[in-house]
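# Structure assessment
Now for the letters of each chain:
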Amino acid sequence: MTKRSDTGNTACAYRRAGTDPVHGIWGLKRLTEREREVLLLLGTGLGNRELARELGIAERTVKAHVARIVEKLGQQTRLQAAVLSVLAHDALCADPRCPRRHAVPPAALLRPSAA
Ligand SMILES: [Zn+2]
C-alpha cells in the first residue's frame, strides 16, 4: 500500500487507483432507452426496491437491468455506475426543465478558500 506521503497531496486518487469512472461514459451508447432511464435513477442513490416502485417493475427486473448496465459500462459495481450516472446526467436526462442541468459549478469555485 502506498503511503500518502509517497505520492504527495496532489496525486489524484483516480490516477493512483489506475481507474477513472469517466471512461465508462462511452458505454452509454450501448444502453437501451430503458437502461438509460434506470441509470439516471441509479444516480439518485435509491435502492432496488425504490427503483422498482419508481419504474413500476419488479425488483428482480431492476436487478437484471442494473447488472446489464454495470456490464455495458465496463464497471465493477452499481456504485461506479451511479457515479457515472451523475457525471453523465445531462446526456441521460430528457427533462428540459430539470433543475439539475448544468448545475455543477466550475471547479475553481469548489476549491477550499485560502482563508
Ligand atoms: Zn435531470
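Everything here concerns the structure above.
Residues numbered from 1 in each chain as written. Predicted model: local features only at pLDDT ≥ 70, side-chain atom pairs only at ≥ 80, totals over all residues.

## Looking at helix 5 (residues 59-72)
What counts is decided by this rule: To qualify as a helix, a DSSP run of H or I must reach at least 4 residues; to qualify as a strand, a run of E must reach at least 2; elements of each kind are numbered from the N terminus. Expected helix span is taken as 1.5 Å per residue step, with the number of steps being one fewer than the number of residues. In this scheme the burial state of a residue depends on its C-beta neighbours within 10 Å: 20 or more other such atoms mean buried, 12 or fewer mean exposed, and anything in between means partly exposed; the C-beta positions come from the backbone. The arc in question is traced by the directions running from the helix axis to the C-beta atoms. Once C-beta atoms have been placed from the backbone, residue pairs whose C-beta atoms lie within 7 Å are recorded as contacts.
With 14 residues, helix 5 should cover 20 Å at 1.5 Å per step; its first-to-last C-alpha distance of 20 Å lies within 8% of that length. Of all the positions in helix 5, only Val62, His65, Val66, Ile69 and Val70 are classed as buried. Burial along helix 5 is one-sided: seen end-on, the buried residues are contained in an arc of 130°. Away from the buried face of helix 5 by more than 90 degrees, exposed residues Arg60 and Ala67 are located. Looking at the buried positions of helix 5, the neighbouring elements they touch are helix 3 (33-42), helix 4 (48-55) and helix 6 (78-87). Trailing helix 5 by a residue or two, Gly74 shows a phi angle of about 70°, which is positive.

## Some details on the environment of His89
Looking at the secondary structure, you find His89 in helix 7 (residues 89-92). For His89, the contacting residues outside a window of four places in its chain are Gly43 and Arg100.

## Structural notes on the packing of helix 3 against helix 5
The line we're drawing: Axes here refer to lines fitted to C-alpha atoms; in helices the fit is confined to the stretch in contact. Angles between the N-to-C directions go from 0 to 180 degrees. Here the word oblique covers every angle except those under 35 degrees (roughly parallel), over 145 (roughly antiparallel) and from 65 to 115 (roughly perpendicular).
In contact at an axis separation of 10 Å, helix 3 and helix 5 are set at 90° when each is read in the N-to-C sense. Classified by the angle between their axes, helix 3 and helix 5 sit roughly perpendicular to one another. Where helix 3 abuts helix 5, its residues Glu35, Val38, Leu39 and Leu42 lie against His65, Val66, Arg68 and Ile69.

Taken by themselves, the reported measurements are silent on function.
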